[in-house]
Amino acid sequence: MGIVFLIIVGAAAGFLATRLMGLEADIPTTIAIGIAGALIGGLILRVLLALTGFAAGLVGAVLGAMVLIWVYRLYLGGR
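Below or above, wherever it landed, is the structure these notes cover. (Residues numbered from 1 in each chain as written. Predicted model: local features only at pLDDT ≥ 70, side-chain atom pairs only at ≥ 80, totals over all residues. Heavy atoms only, no water.)

**Quick look at the side chain of Thr30**
The following threshold applies: Numbering goes from the N terminus for both helices and strands, where a helix is a DSSP run of H or I of at least four residues and a strand is a run of E of at least two. A 1.4 Å probe rolled over the protein chains alone gives each residue an accessible area, and that area as a share of the maximum for its type sets the label: buried under 20%, exposed over 50%, partly exposed in between.
Among the secondary structure elements, Thr30 is positioned in helix 2 (residues 27-44). Judged by relative accessible area, Thr30 falls into the buried class, the value being 10%.

In structure tokens, the structure reads:
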């Protein structure tokens with residue numbers, strides 16, 4: 001998986017996750033959240049990804065980013 005693809009998926013996942021969680025963030029933060037969420041979601045949903053393909057990867061990335069936002073809010077007091 002190339003770095004450009006990871007950034008694109010991360011940006012999409014970060015955008016969706018920040019909107020679903022109601023977090024206002026700048027573009028670099030949104031991309032960073034999405035990439036980290038993609039990594040977390042990829043680890044959590046590896047079996048699902050193997051079964052259903054790209055759609056599960058995007059779902060996992062969004063879920064991972066949402067978990068990351070939740071943890072951020074919980075421990076760092078974000079909005």
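**With respect to helix 1 (residues 3-21)**
As a reminder, the rule being used: The span one expects for a helix is its residue count, reduced by one, times 1.5 Å. Along the arc lie the directions from the helix axis toward the C-beta atoms.
For helix 1, built from 19 residues, the straight-helix expectation of 27 Å at 1.5 Å per residue is met to within 8% by its first-to-last C-alpha distance of 26 Å. Listed as buried for helix 1 are Val9, Gly10, Ala13, Gly14, Ala17 and Thr18. One side of helix 1 carries all its buried residues, which in axial view fall inside an arc of 155°. Turned more than 90 degrees off the buried face of helix 1, the exposed positions are Val4 and Ile8. Note on helix 1: the residue one or two positions beyond its end, Gly22, has a positive phi of about 70°.

**Description of the environment of Ala65**
The test is simple: Should any heavy atoms of two residues lie within 4.5 Å, those residues are considered in contact.
With respect to the element layout, Ala65 can be found in helix 4 (residues 54-76). For the pair formed by Ala65 and Ala36, sequence separation is 29 residues and the distance between their alpha carbons is 6.7 Å. When sequence neighbours within four positions are dropped, the list of residues in contact with Ala65 reads Ala13, Ala17, Ile33, Gly34 and Gly37.

**What to know about the packing of helix 1 against helix 2**
Selection criterion: Every angle, taken between N-to-C directions, lies between 0 and 180 degrees, and every axis is a line fitted to C-alpha atoms, over only the stretch in contact when it is a helix. An angle counts as roughly parallel when it lies under 35 degrees, as roughly antiparallel when it exceeds 145, as roughly perpendicular when it falls between 65 and 115, and as oblique in every other case. In this classification, Asp, Glu, Lys and Arg are treated as charged, Ala, Val, Leu, Ile, Met, Phe, Trp, Tyr, Cys and Pro as nonpolar, and every other residue, Gly included, as polar.
Packing of helix 1 against helix 2 leaves a shortest axis separation of 6 Å and a crossing angle of 105°. Comparing the axis directions of helix 1 and helix 2 gives the class roughly perpendicular. For the pair helix 1 and helix 2, contact is made by Leu6, Ile7, Gly10, Ala11, Ala13, Gly14, Phe15 and Thr18 and by Thr30, Ile31, Ile33, Gly34 and Ile35, respectively. Across the contact of helix 1 with helix 2, the residue classes break down as eight nonpolar, five polar and no charged.

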